[in-house]
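Topology and contacts: notes
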Amino acid sequence: MLTLTNITQQFGEKILYEGIDLQLNAGEHLGLIGQNGAGKSTLIKIITGEILPDDGRILWQKNARIGYLDQYVEVDEHLSIRAFLRLAFKDSYEKEEKIAALYTEYGETLDDRLLEKAGQLQTQLDQGDFYQIDTLVNEMSTGLGIDVLGMDTPLKNLSGGQRSKLILAKLLLEKPDVLILDEPTNHLDDEHISWLTQFLQSFSGAFLVVSHDRAFLNQITTHIADIEFGRLIKYTGNLEQALKQKEQNRESYLRQYHAQQKHIEKTESYIRKYKAGSRSTMAKSRQKQLDKIDRLTPPGSTAKPNFDFPYAPIVTTLALETTSLEIGYERPLLPPIQLTIRYGEKVAIRGFNGIGKSTLLKTLIGEIEKLDGDFHFPENTKINYFSQDLVWSNPFETPLQYLSDLYPKATIKELRKHLSRAGLPNQLAQEPLSTLSGGEQTKVKLCQMTMQKGNFLILDEPTNHIDQETKVSLQNSLASFAGTVIIVSHEQEFYQDIVDRVIEIQAD
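Nothing here was measured: the structure is a model prediction, and the numbers come from that model. (Residues numbered from 1 in each chain as written. Predicted model: local features only at pLDDT ≥ 70, side-chain atom pairs only at ≥ 80, totals over all residues. Heavy atoms only, no water.)

So, the nonpolar core
Most often, soluble globular proteins keep nonpolar side chains buried together rather than apart. To keep things clear, this is the line we draw: Nonpolar cores were defined as sets of buried Ala, Val, Leu, Ile, Met, Phe, Trp, Tyr and Cys residues, with membership established by side-chain atoms within 4.5 Å. Type-normalised accessible area, obtained with a 1.4 Å probe on protein chains alone, sets the label of each residue: buried when under 20%, exposed when over 50%, and partly exposed for intermediate values. Under the scheme used here, helices are H or I runs from DSSP no shorter than 4 residues and strands are E runs no shorter than 2 residues, and both carry numbers assigned from the N terminus.
Counting 47 residues, the largest nonpolar core has Leu 85, Leu 144 and Leu 200 as the members making the most contacts within it. Broken down by element, the residue count for this core peaks at seven residues, all from helix 6 (residues 160-173). One finds Leu 433, Phe 481, Phe 494 and Ile 498 within the second-largest nonpolar core, a separate group that totals 35 residues.

Comments concerning the sheet that holds strand 4 (residues 55-60)
As a reminder, the rule being used: Should DSSP find at least two bridges between two strands, the strands are regarded as paired. Interaxial angle, 0 to 180 degrees, is taken between N-to-C directions of lines fitted to C-alpha atoms, where a helix line uses only the stretch in contact.
In space, the three strands of this open sheet follow the order 2-1-4, with antiparallel pairing throughout. Across the chains shown, the open sheet's two edge strands, defined by having one partner strand only, are strand 2 (14-24) and strand 4. Strand-to-strand twist across the sheet, computed as the mean angle between neighbouring axes with direction ignored, equals 20°. Pairing geometry for strand 1 (residues 2-11) and strand 4, over five bridges, is antiparallel. Bridging from a neighbouring strand, Thr 5 pairs with Arg 57 of strand 4.

As for the side chain of Gln 475
Put simply, the test is: Note on contacts: a residue pair qualifies if any of its non-hydrogen atoms lie within 4.5 Å across the two residues.
For Gln 475, the location among the structural elements is in helix 16 (residues 468-480). Discounting residues that sit within four places of it in the chain, Gln 475 has contacts with Glu 493, Phe 494 and Ile 498.

Concerning the packing of helix 12 (residues 399-406) against helix 15 (residues 438-449)
To keep things clear, this is the line we draw: Relative orientations are named as follows: roughly parallel for angles under 35 degrees, roughly antiparallel for angles over 145 degrees, roughly perpendicular for angles from 65 to 115 degrees, and oblique for any other angle. Handedness of each helix crossing follows the sense of rotation of the near helix against the far helix: counterclockwise by less than a right angle gives left-handed, clockwise gives right-handed. Under the grouping applied here, Gly and all other residues not named as nonpolar or charged are polar, the nonpolar ones being Ala, Val, Leu, Ile, Met, Phe, Trp, Tyr, Cys and Pro and the charged ones Asp, Glu, Lys and Arg.
Two numbers describe how helix 12 lies on helix 15: the axes approach to 11 Å, and their chain directions differ by 25°. The angle between helix 12 and helix 15 falls in the class roughly parallel. Like other packed secondary-structure pairs, helix 12 and helix 15 cross with a definite hand, here right-handed. Where helix 12 approaches helix 15, its residues Pro 399, Tyr 402, Leu 403 and Leu 406 are matched on the opposing element by Val 444, Cys 447 and Gln 448. Residue classes in the contact of helix 12 with helix 15 are distributed as six nonpolar, one polar and no charged.

With respect to the side chain of Thr 484
Which entries qualify depends on this criterion: In the analysis that follows, any N or O atom pair within 3.5 Å is treated as a polar contact, provided that within protein one partner can donate a hydrogen and the other can accept it, and provided that, for residues neighboring in sequence, both atoms belong to side chains.
Examined against the element boundaries, Thr 484 turns out to sit in strand 16 (residues 484-488). Among the polar contacts made by the side chain of Thr 484, one reaches the main-chain amide nitrogen of Gly 344 at a distance of 3.0 Å. In this structure, Thr 484 is in contact with Ala 319, Ile 341, Arg 342, Tyr 343, Gly 344, Glu 345, Asn 455, Phe 456 and Leu 457, ignoring residues within four places of it in sequence.

Structure below.
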């Protein structure tokens, strides 16, 4: 279905890939993995034609229908949810209009060829999904939790996350030959991730998926493509099987690398010793042999993140208490909330996407006005908040400049140290925020949290863009934090071992 040949891509001094190849065959369910900044999203953009590679060739199978999950696509905001989803069947509706036009023309000309054309088009509609369109739209809406928003709701009333979910639903209804999905679970809750998992498992076409949700990726993939140190290796099997193969390959590569280094060192020593003496001819011969060696790349090492959220001591029994709290914008999203969180508790908040989890957090931190009721934090509460939105007031600033503006008293050396501990080496610390990957931008925000004292951490979907290594580091940091923690996350695997309880939010 898709062949990438000798793809090379570089941004400034950062080389993402050098001459990588990849083939996606019919029916393959391929997961694309790699650490933050390895170039996964860039490769998706190269595949979809959004950017051109520095070198190499992209070849699609002729007439292949490609569906790409573009969360920033322009939409008609006046359309209702139902009308937007029906656009997935645009070709069928056009055929119906053409049939009507052919019958009208036949009534004027009595040309039997028009009836024949209309009959052919009608057969195509009968054999397709045309007469099940509303059923298919309703099933997809229920599966992804869109129906609860109201099928007649105009798109202009939807949040960014709700709109992303809608775009995914339309894409799946179109049934392309190849699906290209970049983080499709970011705006889905557990129930709807489960539905999407089953849908993709039974999808007859091919797909390429980028996801940091390991459990999801493991269940839907038949092959894995791993980007690491500028190279791409494709494995057969799901994520778990691929990682086992990768570890075996890594051990084999290390043995080869160390054996080659030993040989090079021994040969160079001989050349230095005899290049000017009686054995100079032999030394020159060995130099020529050395020059021809295809040298193995040294095993790379990426900066491992290590988060340490500074603690501000506080003496209290309760960390948060709400009394008939009503949240929303013009009208309440939920029934009045009665919530008590003890000091030092670690709590996960769960509920379907769009129900109001982020709105609750934004109300608690004072970003959104409460509609009614009350909430109370004890005196000396210091909240440290992580927002899931990767929005910057100046996207052309570097991480160093951004943090320097926030903490003008900190030296450049101190800022670099904090960024390095968050997994952002000096090179990335000096790149514009807009050029960093989603995972790297998330690390900047987490780094910011490590520079301010707090006793109440509130995190809204912190795992959306980060790789497994960063997730493990964040888990360890939250588990050891002495204060109170609220986590909103669709990844149960991330929070289940660190929280004391899970609060389920329901509309009624």
